[in-house]
Amino acid sequence: MKDTTHVTQFSDLGLAKPLLKALAEKGYKEPTPIQAQAIPVVLQGKDLLGIAQTGTGKTAAFALPILQRLAEDRKPAPRRGFRCLVLSPTRELATQIAENFKAYAVHMGLSVHTIYGGVKYGPQMKALAGGIDVLVATPGRLMDHMAEKSAIVSGTEIFVLDEADQMLDLGFVVPIRKIAAQLTKNRQNLFFSATMPSEIGKLAGELLNNPVQVSVAPQATTVERIDQRVLFIEAQRKRPLLAEILAEPGVERTIVFTRTKRGADRVAKYLNAAGIEAASIHGDKTQGQRERALAEGHSEGHPPDDPVLRPSQRQAAGCGRGRRRQAGPGREVRRPAQG
Ligand code: AMP
């Protein structure tokens, strides 16, 4: 592999002008380690096995070179198909990935869409009909479209499997194998996972062809860019302390992880009663409720000290991971358990 140890600029990685412009507009100054390692490999058309967690910049590590490859060899996407397929374990993550692709592709004129469950089929079928450059999908809904022949995956040139270990947790390994079985052999594969349990290693072995492996964190370690604190406290003091911390100046947008769905609802209720605006999202909420909660948490104009998103662990893994926030002294920032 090319020595990337001295690379400090995106332009050193061989990225084209429209991408460099988009990156400058996003305010990215230099590539993260996973980007420095992965981008040249993907640009060369090689298969990649990336061991990296959310928060490391891994989305751009695959999105940037994929967009460049698609733009270098421009052609119409196959009808009811897509040139690049990214599989993601959750709707929230699929949306985040697609937003990243769109932001990086802003000067390139490539189409990016998402397909996931919990919403109507009609608009998805319409988007698929004419062909899409980059499709980000969750496995279940994509399988539904394949069964209806509204999605045909055989023309896919680049296949990305993101958060493979979470896919395993959510029972998606069988659907992934079924989808992959319909892809052309002559494709580029990118496979990302934070951890490598043996079943994921086996899946990677089946899907990847002579991959280059890049790794930015050893298995099951924490992400360096997230500052973490642990507070030891009696159970009954937890909520009042949380309310106190959230009322501190400078606490603008917060995600709190709880162990159970009911716990998430209870904490949100407690905070609302304490005058702190909070919403909960978890598997029992409708897609509309989740999207509203996320939109509130993401909106720029939100007053400080207010919104709290409170997903249960599994939901949190899809929507909240990767949102960085500095923890102050004595502040607790908890991350969901690794798959
Ligand atoms: P990811 O691990 O892909 O979820 O990315 C984590 C966060 O880092 C996202 O909010 C990205 O927009 C941001 N990010 C990715 N690459 C860079 C970079 N090179 N410089 C600054 N921020 C970045």
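Residues numbered from 1 in each chain as written. Predicted model: local features only at pLDDT ≥ 70, side-chain atom pairs only at ≥ 80, totals over all residues.

Draft legend 1. Inspection of the overall build of the protein chain at higher detail. The number of helices and strands found in the protein chain is 13 helices and 10 strands. The buried share of the protein chain, reckoned over its 339 residues, is 41%. Of all intrachain contacts in the protein chain linking residues separated by at least 6 positions in sequence, the fraction that spans at least 24 positions is 75%. (Helix = DSSP H or I, 4+ residues; strand = E, 2+ residues; numbered from the N terminus. Buried ≥ 20, exposed ≤ 12 C-beta atoms within 10 Å, placed from the backbone. Contact = placed C-beta atoms within 7 Å.)

Draft legend 2. Region of interest: the packing of helix α3 (residues 58-72) against helix α4 (residues 91-104). Two numbers describe how α3 lies on α4: the axes approach to 10 Å, and their chain directions differ by 45°. With respect to α4, the axis of α3 lies oblique. Considering only the axes of α3 and α4, their crossing is right-handed. Across from Thr59, Ala60, Ala63, Leu64 and Leu67 in α3, the residues of α4 making contact are Ile97, Asn100, Phe101 and Tyr104. In terms of residue class, the contact of α3 with α4 is made up of 7 nonpolar, 2 polar and no charged. (Axes fitted to C-alpha atoms, helices over the stretch in contact; angles between N-to-C directions. Parallel < 35°, antiparallel > 145°, perpendicular 65-115°, else oblique. Left-handed = near helix turned anticlockwise from the far one by under 90°. Nonpolar A, V, L, I, M, F, W, Y, C, P; charged D, E, K, R; others polar.)

Draft legend 3. Spatial organisation of the pairing of strand β4 (residues 132-137). Across the 6 residues of β4, 6 count as buried, placing the element largely inside the fold. Of the strand pairs in this sheet, strand β2 (residues 82-87) and β4 are connected by 5 bridges, and their pairing is parallel. Counterpart to Leu85 in the pairing with β4 is Leu135. The sheet contact formed by strand β3 (residues 112-115) and β4 spans 4 bridges and is parallel. Counterpart to Ile115 in the pairing with β4 is Ala137. A crossover connection joins β3 to the parallel β4 through helix α5 (residues 122-129); in handedness this β-α-β unit is right-handed. (Pairing = 2+ DSSP bridges. Right-handed = clockwise from strand over helix to strand, strands pointing away.)

Draft legend 4. Spatial organisation of the packing of helix α2 (residues 33-43) against α3. For the pair α2 and α3, the least separation of the axes is 8 Å and the interaxial angle reads 25°. In terms of axis orientation, α2 runs roughly parallel to α3. Pair α2 / α3 crosses with right-handed handedness. Listed contacts from α3 to Ile34, Gln35, Ala38, Ile39, Val42 and Leu43 of α2 are Lys58, Ala60, Ala61, Phe62, Leu64, Pro65, Ile66, Gln68 and Arg69. Class assignment for the residues of the contact of α2 with α3 results in 11 nonpolar, 2 polar and 2 charged.

Draft legend 5. Looking closely at the sheet that holds strand β5 (residues 158-161). Sheet architecture is open: 7 strands sit in the order β3-β4-β2-β5-β6-β1-β7, paired in parallel fashion. For this open sheet the edge positions go to β3 and β7 (212-215), each flanked by a neighbour on one side alone. Shown here is a sheet whose adjacent strand axes are inclined to one another by a mean of 15°, direction ignored.

Draft legend 6. Structural context of helix α11 (residues 261-273). Spanning 13 residues, α11 covers 19 Å between terminal C-alpha atoms, matching the ideal 18 Å at 1.5 Å per step. For α11, the full list of buried residues reads Ala264, Val267, Ala268 and Leu271. Viewed along the axis of α11, the buried residues span an arc of 100°, placing them on a single side of the element. (Expected span 1.5 Å × (residues − 1). Arc of directions from axis to C-beta.)

Draft legend 7. How the structure looks around unusual backbone geometry. Positioned with a positive phi, Arg80 is a non-glycine residue whose angle comes to about 60°. Checked against the element boundaries, Arg80 lands in the loop between α3 and β2. On the basis of neighbour counts, which here come to 20 C-beta atoms within 10 Å, the residue Arg80 falls in the buried class. In the Ramachandran plot, Lys149 falls in the positive-phi region, its phi being about 60° despite a non-glycine side chain. With respect to the secondary-structure elements, Lys149 resides in the loop between α6 (139-147) and β5.

Draft legend 8. Region of interest: the nonpolar core. Core analysis: the largest hydrophobic core is formed by 70 residues, its most contacted members being Leu67, Val134 and Phe191. Of all the elements, α3 adds the most residues to this core, at 8 residues. Grouped together as the second largest cluster of nonpolar side chains are 13 residues, Val256, Phe257, Val267 and Ala279 included. (Core = buried A, V, L, I, M, F, W, Y, C linked by C-beta atoms within 7 Å.)

Draft legend 9. Examining the pairing of strand β6 (residues 188-193) more closely. The element β6 is largely enclosed, with a buried count of 5 among its 6 residues. Both strand β1 (residues 48-51) and β6 contribute to a ladder of 4 bridges, which runs parallel. When the bridges of β6 are listed, Leu48 appears paired with Leu190. Inspection of the sheet shows β5 paired to β6 by 4 bridges, in the parallel sense. Counterpart to Val160 in the pairing with β6 is Leu190.

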